[in-house]
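# What the coordinates show
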Amino acid sequence: MSDEKKTIIIKEIHNWKENHLLPEKYCDYLLALYTQGDSTELEFESNNLKESPKISMLHVLLFIVNIFVLPITFIVLYFTDFNINLQVSIGIFLVMFSLFIYYVIRKKVQYLHYYSFFILLLTLLLTSIGILQRYTNHFALLNAVASVQLLTWGLIGVLKKRILLISIGSIGFIITIILFLF
């Protein structure tokens, strides 16, 4: 068999393996058969394929920092005696920072961006409730804002097929409705 045909077949087998068209062990067997067990040719061909994104230390660091955004938001809004304008500014900054981290992480780290999105939603909920509590302590308005946000979480969860968002959004919405009624 000519080298050109062999290269085409090897690329096609890699494509099958990447797209899960055949079980991985079958693809490995076919690759070993067509490369005649030559691992250097196999590695050369696999390097030519689209590489999966690498997780850098920056992404890990951003994710760790993003985890601490929630407690910082909670502490700043509920346990400090800062000026109201400063608390609002810090809350808005933390929401924007969490949004920035979500956009940076979602491009590279596919399995961590859902957590970053959830942290963003929680930070937004805490900040909006904290700001409304500072400016107006009207319970019905606080409850309405929380209900709308939690209902939106459920709808986003349905659209993105995320059980976590559906369940937390639904449970939170039901709790806010119950609190509003009683």
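Since the model is a prediction, treat every value here as computed from it, not as a measurement.

## Considerations on the overall build of the chain
In terms of helices and strands, the chain carries nine helices and zero strands. N-terminal to C-terminal, the α/β element order of the chain is α-α-α-α-α-α-α-α-α. When contacts within the chain are restricted to residue pairs at least 6 apart in sequence, long-range pairs at least 24 apart make up 62% of them. Summed over its atoms, the accessible surface of the chain is roughly 12100 Å², and 69% of this surface lies on carbon and sulfur atoms.

## Remarks on the layout of surface pockets
Any space left empty among the atoms is revealed by the rolling of a water-sized probe across them. Estimated volume of the largest pocket: approximately 280 Å³. For the lining of the largest pocket, the elements supplying multiple residues, two or more each, are helix 7 (113-135), helix 8 (139-160) and helix 9 (163-181). Of all the elements, helix 8 adds the most residues to the lining of the largest pocket, at six residues. Partitioning the lining of the largest pocket into residue classes produces nine nonpolar, three polar and no charged.

## Considering the packing of helix 6 (residues 84-108) against helix 7
Packing of helix 6 against helix 7 leaves a shortest axis separation of 9 Å and a crossing angle of 165°. Overall, the two elements helix 6 and helix 7 adopt an arrangement that is roughly antiparallel. Helix 7 is crossed by helix 6, and the crossing has left-handed handedness. Grouping the amino acids of the contact of helix 6 with helix 7 by side-chain chemistry returns 14 nonpolar, eight polar and two charged.

## Regarding the packing of aromatic side chains
Note on aromatic pairs: each is described by the distance of the centres and the angle between the planes. A full pass over the atoms with the stated rule returns six aromatic pairs. Considering the side-chain rings of Y102 and Y103, the 5.5 Å spacing of their centres and the 55° angle between planes classify their relative orientation as tilted. You can call Y102 buried: its relative accessible area is 12%. Consider the rings of F118 and W153, whose centres lie 5.8 Å apart with planes at 65°: the pair is edge-to-face. Pair noted here: F118 is in helix 7 and W153 is in helix 8, with a separation of 35 residues, a long-range link. We note that F118, like W153, is buried.

## Some details on the nonpolar core
Residues F117, L121, L125, I129, W153 and L165 are the most contacted members of the largest nonpolar core, which totals 14 residues. Elements represented by at least two residues in this core include exactly helix 6, helix 7 and helix 8. A per-element tally of this core places helix 7 first, with seven residues. Other than its neighbours up to four places away in sequence, F117 contacts Y102, I156 and L165. Core analysis: the next-biggest nonpolar cluster, separate from the first, contains five residues, L62, I101, I105 and L112 among them.

## Structural notes on the side chain of N143
Tracing the backbone shows N143 in helix 8. In contact with N143, other than residues within four places in its own chain, are T176, L179 and F180.

## Observations regarding the packing of helix 5 (residues 69-78) against helix 7
Helix 7 packs onto helix 5 with a crossing angle of 5° between their chain directions and a minimal axis gap of 10 Å. It follows that helix 5 is roughly parallel to helix 7 by the angle criterion. Facing V69, L70, T73, F74, L77 and Y78 of helix 5, the residues of helix 7 in contact are I119, L122, T123, L126, T127, I129, G130, Q133 and R134. Of the residues belonging to the contact of helix 5 with helix 7, the class tally is nine nonpolar, five polar and one charged.

## Observations regarding helix 1 (residues 3-18)
With 16 residues, helix 1 should reach 22 Å at 1.5 Å per residue; the first-to-last C-alpha distance of 22 Å fits that figure. Taken together, the buried positions of helix 1 are occupied by K6, I10, I13 and H14. Buried residues of helix 1, viewed axially, fall in a sector of 100°; they line one side. Away from its buried face, by an angle of more than 90 degrees, helix 1 presents the exposed residues E4, K5 and I8.

Parameters at a glance
Residues numbered from 1 in each chain as written. Predicted model: local features only at pLDDT ≥ 70, side-chain atom pairs only at ≥ 80, totals over all residues. Heavy atoms only, no water. Helix = DSSP H or I, 4+ residues; strand = E, 2+ residues; numbered from the N terminus. Contact = heavy atoms within 4.5 Å. Areas by Shrake-Rupley, 256 points an atom, 1.4 Å probe, with all protein chains shown as cover. 1 Å grid on protein atoms, 1.4 Å probe; cavity = no way out; pocket = protein on both sides within 12 Å on 5 of 7 lines; lining within 4 Å. Points joined across faces, edges and corners; volume = space filled by probe spheres on them. Nonpolar A, V, L, I, M, F, W, Y, C, P; charged D, E, K, R; others polar. Axes fitted to C-alpha atoms, helices over the stretch in contact; angles between N-to-C directions. Parallel < 35°, antiparallel > 145°, perpendicular 65-115°, else oblique. Left-handed = near helix turned anticlockwise from the far one by under 90°. Phe/Tyr/Trp six-rings, centres within 6.5 Å; stacked < 30°, edge-to-face > 60°. Buried < 20%, exposed > 50% of the residue type's maximum accessible area, 1.4 Å probe, protein only. Core = buried A, V, L, I, M, F, W, Y, C linked by side-chain atoms within 4.5 Å. Expected span 1.5 Å × (residues − 1). Arc of directions from axis to C-beta.

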